[in-house]
Amino acid sequence: MLISHRKRLLALYRIAAKYRLDTHLKDVPELAPLARLIRLHPASIGKSHHPLGLKLALEEMGTLFLKLGQLLSTRADLLPPKIIAQLSLLQDKVAPFDITTATCQIEDMKIGLGKPIHEIFARFDEVPLAAASIAQVHTAALHDGKEVVVKVVRPNLRAGIINDFELLRDMASWLSARTEAARSIHLIDIVEDYRQIMLNELDLTLEASNAMRMRSNFEGSKLIYVPQVYIAKPAVMVSERISGIPIDETNEFDKLGYDRATLAKNGLTIFFTQVFRDNFFHADMHPGNIFVETLPDGQAVENPRYLGLDCAIMGQLSKDDQLIVARMLLSVMNGNYPMLVDIISQAGWIPPSADKHALITDMARTVSPMVSKPMSELDFAGILFEILNIARRHRMTIPPQLMLLLKTLVHVEGLGRDLYPNLDIWSLAKPILTAWVREQLDPVKNLQEIKDQLPELLLSTTDLPKLLNQSVQSLAALGARQDEQLRELQALRGDILNNKRYDWIAVGGFFVCLAIGMTVPIWWAGIIFELLAVIFIIWRVFL
């Protein structure tokens, strides 16, 4: 299956060797075998360590890898400081494209503004203010004197994103056929959802619509300000220019006299408000997108607000999922793990045969540290991985729509850890969630909703005969379909057993040859065995 992507895989391998990523990965013990594999590529011969090699490699690999780097840049608890420093540059310091290309995008009749730059702007600054994975930003002024920022999409990104997601989807299919964990989180669906999210980022009219909605949600707020959008086209967006500093520049907050504890509390209040009150949350919260307000000259303001930028990736949950997540969080805060498991069971996330007592024990052991310890003492990533292991062991199903929320939580936790590590998340969140759940379960409100929907419900009863007929036909077809599925499952079981044999042969051959290559006293014989180890992996990937 992956053989169709062999050119792309080999290209990624060559880029990793070209920038000597092995010299950066060696600081992470778990990645030492990968670093050794990279050193074997001919492209690494004669190349030395590059201080920005990781950043440059991810830029050359493409948009998908830039996004991955941005996600990891907030996880200072997972990666060494040297790697975090490079990944942080991917937030808004990616290599910009030239001004001629930017001008063509802006003046294009179909995707741009359709006019010469001098007719639109009284001033246009050719040097970009910032450059990121999808677009870059220029400062400018309109003819009425308003200071603005002009966001311009990088050209020719769509084909590369589509190709990389085809590779990612095949890898997800490969993993889903072999691991219960990948199936339980619906890995294939997650890849497909994120593919559409990234393609949507290429259309700035969608981002403009999101920004205007978020601006409306927080109109007059003392916690966050969303800049006004003036013009939006697929490849160009012109919006209000504002002044602020990135959320990760904590030293600047201290110089300005900003209370970091208050900022952290306000940030979490905004997040929970977005998720539960508005059901419309910012899902790309890396430091390049989250700023804190200052005056235009960089001086402090009295009550600094957050600045909501780059609303390209926004998340939403169904009403049922909102309620489930809120009740689960309240159960965790109250230490009521039997209730937590009951909520999961009622949601249909575990099979009826699951051992609920064992699941309660596992959840209590794993999740309770999240409530009893401050963020500075938590291994948040370790807890998340253990929860996924619990899901695998108990055959728990995690709906795909919740994975974007989980990704956002990883961002939020990473930002909060840097901003104010001693923040008590749970004492802040509990009253917000309690009030929201009480409102959702209010019988008066629910009766009013039923009353409002009554005419529609009565009209739908006219479809009952048709629905009954369709149900009978569906039951008749179900038996034939079940026989067909049984044959497919039997064939799939045979394929899985064969693939497992191939996996064991490849992994076993790799480690045996690698072990011999590392211990054999003759240097050239060691290289031969290491190459044989690589051949075993290549054989399995392209099988």
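*Asks:* What am I meant to see in the sheet that holds strand β10 (residues 290-293) here?
*Replies:* Think of a sheet as strands paired side by side through backbone hydrogen bonds, with each pair either parallel or antiparallel. One open sheet accounts for four strands, arranged β5-β11-β10-β8; its pairing is mixed. Taken across any chain shown, the strands that pair with only one partner, and hence form the sheet edges, are β5 (224-225) and β8 (244-246). Relative to strand β11 (residues 306-308), β5 runs parallel, the two being bridged by two bridges. Across the sheet, residue Y225 finds its bridge partner in β11, namely L307. Against the sheet, helix α14 (residues 260-278) engages β5, β10 and β11, with an angle of about 35° to β11.

*Asks:* When you look at the nonpolar core in this model, what are you seeing that I'm missing?
*Replies:* A general tendency of soluble globular proteins is for nonpolar side chains to be buried together. Judged by nonpolar contacts, the single largest core of 102 residues is most densely connected at F121, V150, Y306 and M363. Among the elements that take part in this core, α14 stands out by supplying eight residues, more than any other. Setting aside anything within four residues of it in sequence, one finds V150 in contact with I106, F121, F124, Q136, V137, H138, A140, V236, M237 and V238. One finds A16, L58, L66 and L90 within the second-largest nonpolar core, a separate group that totals 20 residues.

*Asks:* Hey, could you run me through helix α16 (residues 337-346) in this one?
*Replies:* An α-helical segment advances 3.6 residues per turn. Residues three or four places apart therefore align on the same side. The set of residues buried in α16 consists of Y337, L340, V341, I343 and I344. In a view along the axis of α16, the buried residues occupy a sector of 155°, so they form one face of it. Of the residues flanking the start of α16, the one acting as N-cap is N336, its side-chain oxygen 3.1 Å from the backbone nitrogen of M339. Following α16 by one or two positions, G348 adopts a phi angle in the positive range, close to 80°.

*Asks:* Sorry if this is basic, but what is going on with unusual backbone geometry here?
*Replies:* Its identity is not glycine, yet N156 carries a phi of approximately 60°, on the positive side. Tracing the chain through its elements places N156 in the loop between β4 (147-153) and α9 (158-176). Judged by its relative accessible area of 77%, N156 falls in the exposed class. In this structure, D310 takes a positive phi of about 50° despite not being glycine. For D310, the position within the fold is in the loop between β11 and β12 (314-315).

Rules and cut-offs
Residues numbered from 1 in each chain as written. Predicted model: local features only at pLDDT ≥ 70, side-chain atom pairs only at ≥ 80, totals over all residues. Heavy atoms only, no water. Pairing = 2+ DSSP bridges. Helix = DSSP H or I, 4+ residues; strand = E, 2+ residues; numbered from the N terminus. Contact = heavy atoms within 4.5 Å. Axes fitted to C-alpha atoms, helices over the stretch in contact; angles between N-to-C directions. Core = buried A, V, L, I, M, F, W, Y, C linked by side-chain atoms within 4.5 Å. Buried < 20%, exposed > 50% of the residue type's maximum accessible area, 1.4 Å probe, protein only. Arc of directions from axis to C-beta. Polar contact = N/O pair within 3.5 Å; in protein donor to acceptor, adjacent residues only side chain to side chain.

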